[in-house]
Amino acid sequence: MHLQHLALTNFRNYRHFEAAFPPGAIILCGRNGQGKTSLLEAVHYLTAAHSPQAATDRQLLHWDAARTDSNPYLKIAAEVAAAGGVRKLEVRLELGQPSGAAGEPRLRKTVLLNGAKKRVSDMAGVVNAVLFLPQDMALIEGGPGGRRNYLDATLCQVDAAYAAALAAYTRVLAQRNALLKALHDRRSNGAAQLEFWDGQLCLHGAQLLARRVLAIAEIQTHAAPLHRELAGGSAQLRLDYRPSYAAVPLQPGMFAEAAPAQPGVEEIAAGMLVRLRALRAAETARGTTLIGPHRDELRFMEDGVDLGLYGSRGQGRTAVLALKLAQMAWMHTRTGEWPILLLDEVLAELDQQRRSQLLRHVTGAEQLLLTTADANLFDAPFRAHAQVWEVLAGTVQQRP
Ligand SMILES: Nc1ncnc2c1ncn2[C@@H]1O[C@H](COP(=O)(O)OP(=O)(O)OP(=O)(O)O)[C@@H](O)[C@H]1O
Ligand SMILES: [Mg+2]
């Protein structure tokens, strides 16, 4: 799929922006602080109405709009060309009245798909994109929460059943934790209630686990060769999923059907339930749920060495790039559509060999937006097939 048209109102430093986008490569070039990353952020926002870098949506609203407009709002409107036709997606965030004396004003979110009002969860799969940000290095070096979020966001784009299971699991986990806390504080003796939440947790948790293991195995088949090409050696990249409990040995083959099904998922759920019962005293003492997909780990291994612990910066960067390119190929296999590729400052910090390998690879994307402060970092053959757009203080102009 590719973006055909994008209109922004009050998004970051874009007061008003509108442009038609061609397929192929577009290099967004400009000095620091002009709006390059913000443009990628706006496109990626359309995948799940969630910013990849802002802590709150409030940060996305243009300062001037928030300060001076009588009815401050921001809007992202896009037309995306996909196999089934053009999809029109619009997300609008409106600043309401402060909620209570100390409360921050709340943003009301409205989603329109082809003109019809939808829920945020209905956006999944409408616009698919793969984003690389310089801070994605944290995927390898940072805590496990970032890796779980990455898995969740990636799977939600292409797997509606995963998105539904994740929503259910998150709800159940919150309820169960509240009950465990109450048991811990002796405010409740709801053992029967806990039985119920145990069952629910295992039901949805097993779905998440099965779908993650399968997806990682599939992504891995793309990532390993991509990584070898990018790194230019024979080192083997492996994505190692480590569940917080291992009731049954996990084999991707267990879930290899189009939809993960029995016996794999049932076995996992049953095993998890047994483990939960054994952990009951510990969980009550801690007042929280100790096992489940919200505690699982994903490690990046290069020839058996954990890159999160021992990798150099360059090695980590190469592994993340291989992961993102693999994600693109994987999404294409799953959906039949190429996602839009969004690469922020991707060439900085790569040596010449990795740079040209990367550029050779990404030219295969249906559409890619790349940002840079210096268009000369892109080699001549790449630039010959790319448009160069100049980004300056929230405006964009095509370079002749
Ligand atoms: N809510 C907002 N309202 C107005 N301006 C904002 C808002 N949030 C961020 N900005 C500003 O938008 C500008 C563009 O930021 P952006 O990250 O897109 O720049 P960039 O071109 O990618 O720069 P760099 O090369 O440094 O990465 C920055 O100057 C930033 O301070
Ligand atoms: Mg930037």
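Structure report, in brief. (Residues numbered from 1 in each chain as written. Chains lettered and ligands numbered in written order. Predicted model: local features only at pLDDT ≥ 70, side-chain atom pairs only at ≥ 80, totals over all residues. Heavy atoms only, no water.)

Bringing the layout of surface pockets into the picture now. Of the pockets and cavities examined, the largest pocket occupies roughly 1,200 Å³. Secondary-structure elements contributing two or more residues to the lining of the largest pocket are helix H1 (36-48), strand S8 (129-132), helix H3 (138-141), helix H4 (144-158), helix H5 (160-184) and helix H10 (313-335). At nine residues, H4 tops the list of elements feeding residues into the lining of the largest pocket. For the lining of the largest pocket, a count of residues per class yields 19 nonpolar, 13 polar and four charged. (1 Å grid on protein atoms, 1.4 Å probe; cavity = no way out; pocket = protein on both sides within 12 Å on 5 of 7 lines; lining within 4 Å. Points joined across faces, edges and corners; volume = space filled by probe spheres on them. Helix = DSSP H or I, 4+ residues; strand = E, 2+ residues; numbered from the N terminus. Nonpolar A, V, L, I, M, F, W, Y, C, P; charged D, E, K, R; others polar.)

The sheet built from three strands is open, its strands ordered S9-S10-S11 with antiparallel pairing. Of all strands in the sheet, those with a lone pairing partner are strand S9 (237-242) and strand S11 (305-306), marking the two edges. Of the strand pairs in this sheet, S9 and strand S10 (residues 297-302) are connected by six bridges, and their pairing is antiparallel. Within S10, the residue paired with Leu 239 across the bridge is Phe 300. Most of the contacts of helix H6 (residues 191-231) go to S9, to which it runs at about 165°, and overall it touches S9 and S10. (Pairing = 2+ DSSP bridges. Contact = heavy atoms within 4.5 Å. Axes fitted to C-alpha atoms, helices over the stretch in contact; angles between N-to-C directions.)

For the pair H6 and helix H7 (residues 264-278), the least separation of the axes is 8 Å and the interaxial angle reads 135°. On the basis of the axis angle, H6 is oblique to H7. Here H6 runs over H7; the crossing is right-handed. Along its contact with H6, which presents Glu 195, Asp 198, Gly 199, Leu 201, Cys 202, Ala 206, Gln 207, Leu 209 and Ala 210, the element H7 presents Val 265, Ile 268, Ala 269, Met 272, Leu 273, Leu 276 and Arg 277. In terms of residue class, the contact of H6 with H7 is made up of 11 nonpolar, two polar and three charged. (Parallel < 35°, antiparallel > 145°, perpendicular 65-115°, else oblique. Left-handed = near helix turned anticlockwise from the far one by under 90°.)

Before going further, it helps to spend a moment on the sheet that holds strand S14 (residues 386-392). Across the sheet, which stays open at both edges, the six strands sit in the order S8-S12-S13-S3-S14-S15 with mixed pairing between neighbours. The two strands at the open ends of the sheet, each matched to only one other strand, are S8 and strand S15 (395-398). Taken over all neighbouring pairs, the strand axes of this sheet differ in orientation by 20° on average, direction set aside. The pairing of S14 with S15 spans four bridges and is classified as antiparallel. By the bridge assignment for S15, Leu 392 is matched with Thr 395. The strands touched by H10 are S8 and strand S12 (340-344); relative to S8, the strand with the most contacts, the crossing angle is about 175°.

Positive phi, close to 60°, is recorded for Asn 10, a residue that is not glycine. Within the secondary structure layout, Asn 10 lies in strand S1 (residues 2-11). Asn 10 gets classed as buried once you look at its relative accessible area, which sits at 3%. Of note, the phi angle at Ala 393 is positive, near 45°, even though the residue is not glycine. (Buried < 20%, exposed > 50% of the residue type's maximum accessible area, 1.4 Å probe, protein only.)

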